[in-house]
Every structure is written in structure tokens, then in C-alpha cells.
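Residue-level structure breakdown
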Amino acid sequence: MHTESDHIFRFAPSPNGELHLGHACSALLNHESARACGGTLLLRMEDTDTQRCRRHYEAQILDDLGWLGITWAQPVRRQSEHLADYEAVLKRLRQLGVVYPAGMSRREIAEEVAHRERSGSPWPRDPDGAPFYPGAERHLDSAGRQRLIESGRPFAWRLDVRRAAEQVGPSLSWREHGRGPEGETGTITCDFSLWGDIILARADGQVAYHLAAVADDGLQGITDIVRGHDLFHATALHRLLQALLGLPQPRYRHHHLISDGHGRKLSKSNRDLSLRALRSRHTPADIRRLIEASPKI
Ligand code: GLU
């Protein structure tokens, strides 16, 4: 059900660990932004990584958010219950000819990259630190692709980023209402040179974050995306997928990250700043003050 203002926000945690102060910051910003414009806040569990996501973390997240005073519209969308939606999106991208099956394992990629780096210049890495995919399957013809799919070897569906970018045209951008890691704001031109051919799904059906998040933002009619600036550069990929799929462009507002005190962003391994730990000695109002007072990056 949509409110009159039709601003739809979402908080989209992955239930693979406990929420920390950085998540609380993001969740509160979403909650407050939705309230301020009479909009709706949706909650989405990004739980497609079946190896790492756990139901008890999900329960803890719901409990932590409720304790913080955050309210959201029902139902909570659990990505693992919508795999058919992502399958349909992947099929569409296959029809557009912008994804291909790629057979190199993580280890083979690391070895190949090390080999190339020994005999030349540094191999490019994306903003997440992953090396660009060094395999050549993007050049396979359809018979070659079919052979790879039927070979029984594990493979992943990768987005042919350059081909996709060509298909959508040269000047894809987004309007940034917050700031990127270098203070970027206003109209941001998508920079695809930062990215290699990212994985969208694995042959076993496991869907990657970029595909599931973009599909869901479209399906849930999300108009406003408020999230940490660790996802600022990924927005170029999300805009690319939106353009390919004919999805509308949401407003983006990236916010600063809370530092672990050593200049790195908080991670789920910073247990002492998990909300669960903080709740034992702080009130929700303290958490808001702690967020204000914490060092930011
Ligand atoms: N599930 C992502 C995370 O926990 C958030 C994705 C997003 O806000 O787009 O980092």
C-alpha cells in the first residue's frame, strides 16, 4: 500500500551477522527520511547467500530495528522466497545478449591474475577489490556458450559490462542527493571503466546482490535509495541494469560510513559495536547520540 507522497524507501540488510552502529545509522536515516516526506519504509532481507544468511540473524535484525523505534510497512520481502523473479530478470538479460556463462573458479581467477601481474602491469580491480574477470568466454559464440553450459562444469552468469553499456548508450548517469566517498554530488556520470564483468548469478541458482537488489527495487517501486557510500560506485552498475530492464531511476542518497576508529568502515566482525552488544548498556536515544558522535569516513 502506497502513501500519498509515493516516496518509497527501503532498508535492505543481509541477515548474515548482527547489525552494527553503521546499519543503525542507515536504518534511522531511511526511517526519518520516509517520515519527513510522508513516505513509506519497506524492509527487505537480502538473504540470497544461503551459505552465510541465517534466520536467527533475521529475527535479531527485526528485534533491533523495533527496539530502535523504527517502523516499516508489511510485508517484509525475503529475497530467498522470490528466486523466480530473479530468474526471469536473468532470462531477460540473456535475451538481450548482455550476459554470458563464465567457467573460471575464484582460484583459477586468482592464479591467472597473479600470472599476468608477474609478467606485466597490475591487473585492474573493481571498487570492491575484486579483480576484473580475466577469462575470455565473453567472446564465445552461442554454440560455445551452449557447450560450456552443458559441460557439467560449474559456471557463473556474468554481465558483459562493456557490451551492456554500449547497448544503453553513452551517457548514463544518476542524480546524487547525498555524497560519494570523494564528496561527489549532483549529476554523476556512470563510470563503467571501474568495473569488470561482475557475476549476476551462479549456475546453482544463487543470485548476486546487484541483480537481486535492482530487480527488487524495481518490483517494490522503490523511489528513494538511502545507503552507505560503500555502494556509491556500484550505483553505475545498478543504473546500467535499470536501463537494460526498462526500470525507473530512483533518487539516490549515499551517506557517510561510521569508522571503526582505524579509518575503516565498521564490519560485522566489530562485535563490540553490534547493536545487540550496545543494547545491553544504552538506550535508543544513546544510539542516536553515539551515531552523531562517532568518527565518520
Ligand atoms: N544488503 C546490502 C548490505 O547489507 C545493502 C544493499 C543496498 O542498500 O543496496 O550492505
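One can find the structure itself at the top, above this paragraph.
One structure accompanies this document, and this report is about it. (Residues numbered from 1 in each chain as written. Predicted model: local features only at pLDDT ≥ 70, side-chain atom pairs only at ≥ 80, totals over all residues. Heavy atoms only, no water.)

Glancing now at the sheet that holds strand S5 (residues 156-159). Two orientations exist for strands paired in a sheet by backbone hydrogen bonds: parallel and antiparallel. Spatially, the 3 strands line up as an open sheet ordered S4-S5-S8, and their pairing is antiparallel. Both outer strands of the open sheet, strand S4 (99-102) and strand S8 (199-202), are each paired with one neighbouring strand and no more. Direction aside, neighbouring strands of the sheet carry axes that sit 30 degrees apart on average. The pairing of S4 with S5 spans 4 bridges and is antiparallel. Bridging across to S5, Ala102 finds its partner in Ala156. Set on the sheet, helix H3 (residues 83-95) makes contact with S4, S5 and S8; between it and S8 the angle comes to about 120 degrees. (Pairing = 2+ DSSP bridges. Helix = DSSP H or I, 4+ residues; strand = E, 2+ residues; numbered from the N terminus. Axes fitted to C-alpha atoms, helices over the stretch in contact; angles between N-to-C directions. Contact = heavy atoms within 4.5 Å.)

Packed helices, taken two at a time, are described by the angle between their axes plus the distance between the axes. Where helix H7 (residues 209-219) meets helix H8 (residues 234-245), the closest approach of the two axes is 10 Å, and the angle between their N-to-C directions is 55 degrees. Taken together, H7 and H8 sit at an angle that is classed as oblique. When you trace H7 past H8, the crossing you get is right-handed. Between H7 and H8, the contacting residues are Tyr209, His210, Leu211 and Val214 on the first element and Ala234, Leu237, His238, Leu241 and Gln242 on the second. (Parallel < 35°, antiparallel > 145°, perpendicular 65-115°, else oblique. Left-handed = near helix turned anticlockwise from the far one by under 90°.)

Relative to strand S10 (residues 251-255), strand S9 (residues 224-228) is paired through 5 bridges, and the arrangement is parallel. Within the sheet, the bridge partner assigned to Val226 lies in S10 and is Arg253.

The next thing to look at is the site of the ligand. All residues adjacent to the ligand are Arg10, Ala12, Pro13, Ser14, Glu46, Tyr209, Arg227 and Leu231. In the model, a nitrogen atom of the ligand is placed 3.1 Å from a nitrogen or oxygen of the Ser14 side chain. Protein burial of the ligand: of its 300 Å² of free accessible surface, 79% is covered by the chains. For the shell around the ligand, a count of residues per class yields 4 nonpolar, 1 polar and 3 charged. (Near = heavy atom within 4 Å. Polar contact = N/O pair within 3.5 Å; in protein donor to acceptor, adjacent residues only side chain to side chain. Areas by Shrake-Rupley, 256 points an atom, 1.4 Å probe, with all protein chains shown as cover. Nonpolar A, V, L, I, M, F, W, Y, C, P; charged D, E, K, R; others polar.)

This part is about the packing of aromatic side chains. In total, this model carries 3 aromatic pairs according to the counting rule given. Judged by centre distance (5.1 Å) and plane angle (65 degrees), the rings of Trp174 and Phe232 are edge-to-face. Taken together, the residues Trp174 in strand S6 (residues 173-176) and Phe232 in the loop between S9 and H8 connect sequence positions 58 residues apart. Overall, the relative accessible area of 1% leaves Phe232 in the buried class. Both rings, one in Trp174 and one in Tyr252, keep their centres 6.4 Å apart while their planes meet at 70 degrees; by these two values the pair is edge-to-face. A residue pair is termed long-range when its members are at least 10 positions apart, and Trp174 in strand S6 and Tyr252 in strand S10 qualify at 78 residues. Pair check on accessibility: Trp174 and Tyr252 agree, each one buried. Among the aromatic residues, those joined into a cluster by ring pairs are Trp174, Phe232 and Tyr252. (Phe/Tyr/Trp six-rings, centres within 6.5 Å; stacked < 30°, edge-to-face > 60°. Buried < 20%, exposed > 50% of the residue type's maximum accessible area, 1.4 Å probe, protein only.)

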